[in-house]
Amino acid sequence: MTNPTAVPEPGPHDATKTYAAAGADTDVAAIAPDPSLAEGILADAPAVDVFDADTHREAKEIVARYPMSRSALLPMLHLVQSVQGYVSQEGIAFCAQHLDLTDAEVSAVATFYTMYKRRPCGEHLVSVCTNTLCAALGGDDIYKKLQTHLGSAEKPLGHEETAGTPGEQGSLTLEHAECLAACDLGPVIQVNYEYFDNQTPEKAVALVDALQAGKKPAPTRGAPLSDFKGAERQLAGFWPEDDATYRGDVDGPSQAVETLRGAQIAADRGWSAPGAQDVPLPEVEKK
């Protein structure tokens with residue numbers, strides 16, 4: 001005899017219930033393991049519009065930038081995040097409405113790209129690179145240190161979990177990133193997509209402590225630090241109209257000595273890449 005399990009498991013285990021795939025005439029409420037899930041499946045109510053008139057106006061501005069409206073989906077999702085701090089189901093419906101897409105088409109994109117969050121984010125998004133080179137240089141140690149520092153040894157903060165109340169000052173959402181494209185400066189951390197290079201566990205702890213205290217430390221390179229919603233608004237393509245404010249928001253050093261070292265050595269030694277040859281394109285057989 002085998003011991004029954006609540007849901008089917010691999011191996012010689014019977015299940016206490018049998019779950020069948022829903023057919024055209026299947027009673028979904030009867031087979032759903034949770035009655036509340038069944039209610040959600042059967043509900044046919046449109047999502048509530050939580051966006052104000054200004055956001056709808058800006059959505060139309062985004063659409064007007066493109067010859068085809070559906071091309072505006074990526075910045076539109078950033079606009080949603082600049083308002084809500086994540087992409088909610090209402091945000092999905094908002095994008096679908098303005099772009100003449102289905103909710104499913106918008107959801108397929110929002111769940112494909114990791115920049116679009118499906119849970120509310122903190123005031124700041126802290127991304128720790130844990131890809132191969134950064135991991136070998138200490139990225140894994142930095143991530144584990146921040147997990148326990150922002151959580152506890154008994155309950156470390158998990159991927160895309162938030163320390164504090166999402167959206168409130170000092171709240172931080174932690175994530176591990178596969179690659180932040182800064183191998184020459186690893187280990188690296190991004191805060192709201194701005195770089196903090198050559199990190200150590202001690203530097204990382206000092207950084208998140210400053211963020212939780214309401215400070216905005218200067219990134220190693222790039223624009224001055226904003227909050228997560230502010231960065232999302234920039235990614236949606238909205239900038240201050242005043243030139244001085246605009247320059248203050250976006251100007252900053254974008255290169256590092258390490259990044260340019262190869263080009264500098266080549267210049268010092270007189271090296272240059274061979275010129276491109278003017279090769280005619282092959283003829284294509286007409287159909």
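Residues numbered from 1 in each chain as written. Predicted model: local features only at pLDDT ≥ 70, side-chain atom pairs only at ≥ 80, totals over all residues. Heavy atoms only, no water.

Draft legend 1. Quick peek at helix α5 (residues 89-99). A large share of α5 lies buried, amounting to 8 of its 11 residues. Contacts made by the buried residues of α5 are with α3 (53-64), α4 (73-84) and α6 (103-110). (Buried < 20%, exposed > 50% of the residue type's maximum accessible area, 1.4 Å probe, protein only. Helix = DSSP H or I, 4+ residues; strand = E, 2+ residues; numbered from the N terminus. Contact = heavy atoms within 4.5 Å.)

Draft legend 2. Main features of the pattern of salt bridges. If you walk through the whole model with that rule in mind, you get 9 salt bridges. In this structure, Arg221 and Asp197 form a salt bridge, with 2.7 Å as the shortest nitrogen-oxygen distance. One end of the pair, Arg221, is in the loop between α8 (201-212) and α9 (228-235); the other, Asp197, is in the loop between β5 (194-196) and α8, with 24 residues separating them in the sequence. Of the residues examined, Arg221 reaches a relative accessible area of 11% and is grouped as buried. Close ionic contact of Asp251 with Arg247 constitutes a salt bridge, the shortest N to O distance being 3.8 Å. Connected via shared salt-bridge partners are Asp54, Arg57 and Glu61. (Salt bridge = Lys/Arg side-chain N within 4 Å of Asp/Glu carboxyl O.)

Draft legend 3. Focus on the nonpolar core. Counting residues in hydrophobic clusters, the biggest one holds 22 residues, and the most contacted among them are Met76, Leu77, Leu79, Phe94, Cys95 and Val106. Contributions of two or more residues to this core are made by α3, α4, α5 and α6. Look past the residues within four positions of Met76 in its chain and what remains in contact with it is Ala59, Ile62, Val63, Phe94, Cys95, His98 and Leu99. (Core = buried A, V, L, I, M, F, W, Y, C linked by side-chain atoms within 4.5 Å.)

Draft legend 4. Inspection of empty space enclosed by the protein at higher detail. If you walk through the whole model with that rule in mind, you get 1 cavity of 30 Å³ or more. Estimates place the volume of the largest cavity at around 40 Å³. Around the largest cavity, the lining residues are Lys117, Arg118, Arg119, Pro120, Cys121, Glu160 and Thr173. Looking at the lining of the largest cavity, its residues break down into 2 nonpolar, 1 polar and 4 charged. (1 Å grid on protein atoms, 1.4 Å probe; cavity = no way out; pocket = protein on both sides within 12 Å on 5 of 7 lines; lining within 4 Å. Points joined across faces, edges and corners; volume = space filled by probe spheres on them. Nonpolar A, V, L, I, M, F, W, Y, C, P; charged D, E, K, R; others polar.)

Draft legend 5. Examining the packing of helix α7 (residues 132-150) against α8 more closely. The N-to-C vectors of α7 and α8 enclose an angle of 40 degrees; their axes lie 9 Å apart at closest approach. Considered as vectors, α7 and α8 are oriented oblique to each other. The way α7 lies across α8 gives a crossing that is right-handed. Packed against α7, whose contacting residues are Asp141, Ile142, Lys145, Leu146, His149 and Leu150, the element α8 presents Pro201, Ala204, Val205, Val208, Asp209 and Gln212 at the interface. In terms of residue class, the contact of α7 with α8 is made up of 7 nonpolar, 2 polar and 3 charged. (Axes fitted to C-alpha atoms, helices over the stretch in contact; angles between N-to-C directions. Parallel < 35°, antiparallel > 145°, perpendicular 65-115°, else oblique. Left-handed = near helix turned anticlockwise from the far one by under 90°.)

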